[in-house]
Amino acid sequence: MLVTVVPTALWWVGHRSVVRVIAATGVPQCEGTEPTTVRDPITAFERVAIPMTEGFACTLTIRVTNNSDREVTLDQISVPVGGPGGGAGFRVTHLGADAVAADGDLDAVADLGEPLEPGADQLVGMRVVFRKSGCTSAGGHMWVEPTIVVSDLLASHTLIIADLPAFLGTADSSCDT
């Protein structure tokens, strides 16, 4: 019985630490487009949206906060459909301090490997640009939810960043004929 209880208790301590990490996205800093708002169909709240006009580039900052009493590690960040192989009207070029690998993956992925002390914040930058070969219909919008894998020695957790601005289709990003 003790053999089962001790590992379970240790896992629980680690699990409680990693699930107490939160993330929020700040206001995008853009060139070549002006952020606007769209109504979220689920919550009915207005949400920031980035119109995908030709040549736009935006920098978004994600603040990750460790509300636990243990150090955790920010392992990996992933942005769905933002990689070089994605087909949307936007592409993620940088995550954190590094450029996104140009290996053709659908998602933009970067290894962070950043320790985060208890009570501390870490800012993770994300650079987004217009993708000429992408298609997002004018007036349509995409809700993208990046994830960050958070771990400690005992457990890991995938943190969903649910408040990233939407990407709003324009005539520039449309492939409609």
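Structure: see above.
All of these numbers come straight from a predicted model, not from anything done at the bench.

Chemist: Run through the packing of aromatic side chains, naming residues and quoting values.
Modeler: The tally for this structure, following the rule as stated, stands at two aromatic pairs. Taking 6.4 Å as the distance between ring centres and 75° as the angle between the ring planes, the aromatic pair formed by Phe-56 and Phe-130 counts as edge-to-face. Here Phe-56, found in the loop between strand S4 (46-51) and strand S5 (57-66), pairs with Phe-130, found in strand S10 (residues 121-130); they are 74 residues apart in sequence, far enough to count as distant. Looking at Phe-56, the relative accessible area reads 2%, which means it is buried. Between Phe-90 and Phe-167, the aromatic rings sit 3.9 Å apart at their centres with planes inclined by 10°, giving stacked as the arrangement. In this pair, Phe-90 is assigned in strand S7 (residues 90-95) and Phe-167 in strand S14 (residues 166-168), connecting sequence segments 77 residues apart.

Chemist: An account of the environment of Glu-46 is needed here, citing residue identities and associated values.
Modeler: Relative to the assigned elements, Glu-46 resides in strand S4. A residue is classified by how much of its surface remains accessible, and Glu-46, at 45% relative accessible area, is partly exposed. Along the sequence, Glu-46 and Thr-36 sit 10 residues apart, while their C-alpha atoms lie 9.6 Å from each other. Those residues in contact with Glu-46 that sit more than four places away from it in its chain are Thr-37, Val-38 and Arg-39. Here the side chain of Glu-46 touches Thr-37 through a polar contact of 3.0 Å, side chain to side chain.

Chemist: Now, about the nonpolar core: what can you tell me, with residues and values included?
Modeler: Counting residues in hydrophobic clusters, the biggest one holds 34 residues, and the most contacted among them are Val-64, Phe-90, Val-92, Leu-95 and Met-126. Of all the secondary structure elements, the ones that give two or more residues to this core are S5, strand S6 (72-79), S7, strand S9 (108-116), S10 and strand S12 (147-151).

Chemist: I'd like to hear about the pattern of salt bridges, residue by residue, with values.
Modeler: Counted by the stated rule, this structure contains five salt bridges. A salt bridge links Arg-127 to Glu-31; the shortest N-O distance between them is 3.2 Å. One end of the pair, Arg-127, is in strand S10; the other, Glu-31, is in strand S2 (residues 29-31), and 96 residues separate them in sequence. For Arg-127, a relative accessible area of 23% puts it in the partly exposed group. Between Lys-132 and Glu-54 there is a salt bridge; the shortest N-O distance is 3.8 Å. Of this pair, Lys-132 sits in the loop between S10 and strand S11 (141-142) while Glu-54 sits in the loop between S4 and S5; the two residues are 78 residues apart in sequence, bridging distant segments of the chain. Overall, the relative accessible area of 47% leaves Glu-54 in the partly exposed class.

Chemist: Go over unusual backbone geometry with me, naming the residues and quoting the values.
Modeler: Within the chain, Ala-44 stands out as a residue other than glycine whose phi angle is a positive 70°. Along the polypeptide, Ala-44 turns up in the loop between strand S3 (36-39) and S4. For Ala-44, a relative accessible area of 42% translates into the label partly exposed. With a phi angle near 55°, Val-81 is a residue other than glycine that sits in the positive phi range. Tracing the sequence through the fold places Val-81 in the loop between S6 and S7. Residue Val-81 is classed as partly exposed on the basis of its relative accessible area of 24%.

Rules used throughout
- Residues numbered from 1 in each chain as written.
- Predicted model: local features only at pLDDT ≥ 70, side-chain atom pairs only at ≥ 80, totals over all residues.
- Heavy atoms only, no water.
- Phe/Tyr/Trp six-rings, centres within 6.5 Å; stacked < 30°, edge-to-face > 60°.
- Helix = DSSP H or I, 4+ residues; strand = E, 2+ residues; numbered from the N terminus.
- Buried < 20%, exposed > 50% of the residue type's maximum accessible area, 1.4 Å probe, protein only.
- Contact = heavy atoms within 4.5 Å.
- Polar contact = N/O pair within 3.5 Å; in protein donor to acceptor, adjacent residues only side chain to side chain.
- Core = buried A, V, L, I, M, F, W, Y, C linked by side-chain atoms within 4.5 Å.
- Salt bridge = Lys/Arg side-chain N within 4 Å of Asp/Glu carboxyl O.

Nothing here speaks to function; it is all geometry.
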